[in-house]
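The lines below spell out each chain.
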Amino acid sequence: MSNTMTVKSSKHAYKVRFEEDFSIALKDHVREGDVITVDANVLKLYKRQLDPVLADTRYVVIEPSEPQKSYQGVEPFIRHLIESGFRKNNRLIAVGGGITQDVTAFTASIMFRGVDWLFYPTTLLAQCDSCIGSKTSINFGKYKNQIGGFYPPVEIVIDLHFLETLSSLDFRSGMGEMLHYYLVSGEEDFERMSREYDAAFTDKTVLRELIYHSLDFKRGFVERDEFDQGPRNVFNYGHSFGHAIETLTGYAVPHGIAVSIGMDMANYLSVKLGLLAPETRDRMRPLLRKNWGDTRLSGIALEDFINALKKDKKAVGAEIRVILTRGLGQMFKAPLPVNEETVGWLAEYFNAFEKSSGDKIT
Ligand SMILES: NC(=O)c1ccc[n+]([C@@H]2O[C@H](COP(=O)([O-])OP(=O)(O)OC[C@H]3O[C@@H](n4cnc5c(N)ncnc54)[C@H](O)[C@@H]3O)[C@@H](O)[C@H]2O)c1
Ligand SMILES: [Zn+2]
């Protein structure tokens, strides 16, 4: 299997490299004046490997919390860059997960009308998904990922060793994000993921191939539709519902776990709307369910969930646009009216979810 991948973008083509020891690549990358942005937990866990690089490089520690991904959160960072003499030809080098990525990429895109940035993703979610695709999003108050643009890094280095220290919840979050690519891809990839899911937790070779394939599949869509105007929309499968779950649990349910439930919800509504055969939903559910594990939705009030979906409390009889499905590989964007019937279906879903949560997970 290849160790590299090149992604074309409107700005520049960029390379993803799989490396065995990130610290060698990082030492090699850093130029005078560059600033490393490093996740606070990664800094503690990888001190031994990072110290030799950080000893003579400026760095900023990023607290991995959603409020950090906001205007208020990036302000001290920008102030530090300006006051410490950061220049247009210097680069930002992010070492961390999706939050460190979004903070760094967003800042890189607006500093001096754009400076180069590089990325060392350290979570499974960032390695299998977010590192490519150019999106840079920060939150606006409680509204997630509402502000940002498209601004790809100049290079990405993936070291799977980072994943050894990831919590099991964050690992499953990454698996959930990866699952959504394998379901959107279709029958063959769904079967592959069903076969290899368990091994991905213990076998690095299996995991590496799954990550590579996930990125490669996403790459095809990103190159055709970098700005998310059409074909790439299908990757929002599970995401509208997932975002509502994340927000309403104060991010206690991580992104990829929420998306796993969100995909099952999208399937459920697709069945109710007569689009999807119930048996097809039942084929996908065990894998999704295994991934969300013992996650509960009991803290979420249906009314709050509907409002979060609509993003506006006053929008009566609103229509939301979600990704529905006719089967594996057959996801599509469609308007969903928020009326008595659909709200009733969601109520049923929530009830059934809590009832079935005690069942043995198969
Ligand atoms: N820009 C995009 O295209 C894009 C795509 C998907 C998600 N996102 C965003 O990414 C964020 C989620 O990303 P994430 O799941 O990587 O979360 P994250 O960056 O919050 O990291 C999750 C947790 O893992 C810790 N961590 C990171 N690397 C570690 C390691 N190697 N060992 C141990 N702990 C480690 C972090 O400190 C944090 O506590 C969300 O804000 C989401 O909106 C962005
Ligand atoms: Zn996602």
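For the structure itself, consult the block above.
Criteria and cut-off values
- Residues numbered from 1 in each chain as written.
- Chains lettered and ligands numbered in written order.
- Predicted model: local features only at pLDDT ≥ 70, side-chain atom pairs only at ≥ 80, totals over all residues.
- Heavy atoms only, no water.
- Helix = DSSP H or I, 4+ residues; strand = E, 2+ residues; numbered from the N terminus.
- Expected span 1.5 Å × (residues − 1).
- Bend = angle between axes of the 7 residues up to and from the residue.
- Buried < 20%, exposed > 50% of the residue type's maximum accessible area, 1.4 Å probe, protein only.
- Donors = N, O, S within 2.8 Å, 3.2 Å for Na, K, Ca; no water.
- Tetrahedral: all angles 85-135°; square planar, octahedral: opposite > 155°, others 65-115°.
- Phe/Tyr/Trp six-rings, centres within 6.5 Å; stacked < 30°, edge-to-face > 60°.
- Lys NZ or Arg CZ within 6 Å of the ring centre and 35° of its normal.
- Near = heavy atom within 4 Å.
- Polar contact = N/O pair within 3.5 Å; in protein donor to acceptor, adjacent residues only side chain to side chain.
- Areas by Shrake-Rupley, 256 points an atom, 1.4 Å probe, with all protein chains shown as cover.
- Nonpolar A, V, L, I, M, F, W, Y, C, P; charged D, E, K, R; others polar.

*Asks:* Which residues make up helix α12 (residues 278-292), and what are the values?
*Replies:* Its 15 residues give α12 an end-to-end C-alpha distance of 20 Å, which sits within 8% of 21 Å, the value for a rise of 1.5 Å per residue. Residue Arg285 marks the point of greatest curvature in α12, where the axis turns by about 35°; the proline Pro286 follows within four residues. Within the span of α12, buried status applies to Thr280, Arg281, Met284, Arg285, Leu287, Leu288, Arg289, Asn291 and Trp292. Taken from the residues just after α12, Gly293 is the one with a positive phi, measuring 55°.

*Asks:* Kindly report on the coordination of the zinc ion (ligand 2), identifying the contributing residues and their values.
*Replies:* For the zinc ion (ligand 2), the full set of protein donor atoms is Glu177 (OE), Glu177 (OE), His239 (NE2) and His255 (NE2), at a range of 2.1 to 2.4 Å. Coordination at the zinc ion (ligand 2) is irregular, judged from the 4 donor atoms that bind it and the angles of 57 to 148° they form at the metal. Going along the chain, you hit the donors of the zinc ion (ligand 2) in the pattern E-x61-H-x15-H. Within this pair, whereas Glu177 is found in helix α7 (residues 168-185), its partner His239 is found in helix α10 (residues 239-248), the two being separated by 62 residues in sequence. Each of the two residues, Glu177 as well as His239, counts as buried.

*Asks:* Can you lay out the packing of aromatic side chains for me, pointing to particular residues and giving the numbers?
*Replies:* Summed over the entire model, instances satisfying the criterion amount to 17 aromatic pairs. Taking the centre distance of 5.8 Å and the plane angle of 65° together, the rings of Phe217 and Phe235 count as edge-to-face. With a gap of 18 residues between them, Phe217 in helix α9 (residues 204-224) and Phe235 in the loop between α9 and α10 connect regions that are remote in the sequence. Phe235 matches Phe217 in its accessibility class, with the two residues each being buried. One aromatic cluster is present, built from ring pairs that chain together Tyr181, Phe217, Phe221 and Phe235. Here Arg208 stacks its cationic end above the ring of Phe18, 4.9 Å away from the centre of that ring.

*Asks:* Outline the site of ligand 1, supporting the account with residue identities and numerical values.
*Replies:* The environment of ligand 1 is made up of 26 residues, and the closest members are Asn41, Glu66, Thr122, Thr123 and Thr165. At 2.7 Å from an oxygen atom of ligand 1 is found a main-chain nitrogen or oxygen belonging to Gly98. Between ligand 1 and Lys135, the relevant distance is 3.0 Å, taken from a nitrogen atom to a main-chain nitrogen or oxygen of the residue. The protein chains hide 89% of the 860 Å² of surface that ligand 1 would expose on its own. Counted by class, the shell around ligand 1 contains 8 nonpolar, 9 polar and 9 charged residues.

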